[in-house]
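Fold and contact review
Residues per chain are reported as follows:
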Amino acid sequence: PRCRVCGKRFYPHLWIYKCDKCYYYVHFDCATSKREPFMSIFITTSLGKTSKNFKEDEHPNLLHCPFQDEGDNLVKCYMSNQHGLIGNSKQRDGEMIIRNSHQHPLRLFDKQTSGSVSLHDPMKRTQLLCDGCVKPIMSIPVYTCCQYGDEQCCFVLHEWCAKLPPEVQDYVGHPEHTLFLLPKIPGKFFGVFKCAVCELPSNGFAYGCTKCDYYVDINCAFIPKEITHDSHPNHLLSIVKPSQEQFYKICRACKLQAFRN
């Protein structure tokens, strides 16, 4: 089978989103990434129109994908839904916090003081990446190191990345142990590690179990169990990690469906 977003093949060791009603599968990363307009013309199915199989009021925080802006990500959605951190920062201009993720205090910058922070803008060849999620910072408020203005320390975080919970319990990929927030993975060169979920390299923050050498980047730490996607509207997509046997069952089922069509 191939991913219905990018058209590329699946690998049995990676997480995917699937529709329980249809032969419909997408890579985890493809389902939760920003896509350009031409990438939104997805491979069509032979199943025709789908009728809605869920009620909106039963899923109040259901994530609708793909993200339309590079500044959006899973961490932002989670922190907004769970803790209401997004927006509401105008009266906290200059607020200082101390986090274990950085050796210096962090200061909040909002619209009133954003002149000293050049936001990410590819058109102006300006790059500003969050040191937590390693995603572009395209809007304010943001937290910067108190020495940021002097260019002595250019550490910067999205507002939501500065307020991350210290641990994640009962994580779907590693339920046996608690995962703790780690600014840098111990023993890794420049802190670079491979995420256990998406297998992409990262040198940002991670949630990990040092006992088992299990680490996930902070985006993958907040995977929604269910999402909807523009490429397959009206049906919920559920996150799964197929076993080798299940993966080959999916292959056989998709080949049989293609033969019938």
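Keep in mind that what you see is a predicted model, and the values were worked out from it rather than measured.

On to unusual backbone geometry, then. Here Ile-140 and Pro-141 are connected by a cis peptide whose omega angle stands at 10°. Relative to the helices and strands, Pro-141 resides in the loop between strand S5 (106-109) and strand S6 (142-145). Despite not being glycine, Asp-170 has its phi angle at roughly 55°, a positive value. Along the chain, Asp-170 turns up in the loop between strand S8 (167-168) and strand S9 (179-182). Judged by relative accessible area, which is 64%, Asp-170 ranks as exposed. One non-glycine residue, Glu-199, adopts positive backbone phi at about 60°.

Spatially, S2-S1-S15-S14-S3 is the arrangement adopted by the five strands of the open sheet, whose pairing is mixed. The open sheet terminates on both sides in strands that have one partner only, identified here as strand S2 (24-27) and strand S3 (63-65). Across the sheet, the mean angle from the axis of one strand to that of its neighbour is 35°, orientation sign disregarded.

Side chains Ala-206 and Gly-208 of strand S12 (residues 206-209) all project onto a buried face; the interleaved residues Tyr-207 and Cys-209 project onto the opposite face, where all are buried too. As paired strands, S9 and S12 are joined by three bridges and run antiparallel to one another. Its bridge partner being in S12, Leu-181 is matched across the sheet by Tyr-207. Here S12 folds back onto strand S13 (residues 214-217), and the loop between the two strands holds four residues, one of which, Asp-213, carries a positive phi near 55°.

A few words now on the packing of aromatic side chains. With the rule as written, the count across this model stands at five aromatic pairs. Centre to centre, the rings of Phe-189 and Phe-190 are 4.5 Å apart; their planes meet at 75°, and the pair counts as edge-to-face. Comparing Phe-189 with Phe-190, the two get one shared label, exposed. Following the ring pairs from residue to residue traces out a cluster consisting of Tyr-78, Tyr-207 and Phe-222.

Reading guide: rules and limits
Residues numbered from 1 in each chain as written. Predicted model: local features only at pLDDT ≥ 70, side-chain atom pairs only at ≥ 80, totals over all residues. Heavy atoms only, no water. Helix = DSSP H or I, 4+ residues; strand = E, 2+ residues; numbered from the N terminus. Buried < 20%, exposed > 50% of the residue type's maximum accessible area, 1.4 Å probe, protein only. Pairing = 2+ DSSP bridges. Axes fitted to C-alpha atoms, helices over the stretch in contact; angles between N-to-C directions. Phe/Tyr/Trp six-rings, centres within 6.5 Å; stacked < 30°, edge-to-face > 60°.

Fair warning: the whole summary comes from geometry, so function is off the table for now.
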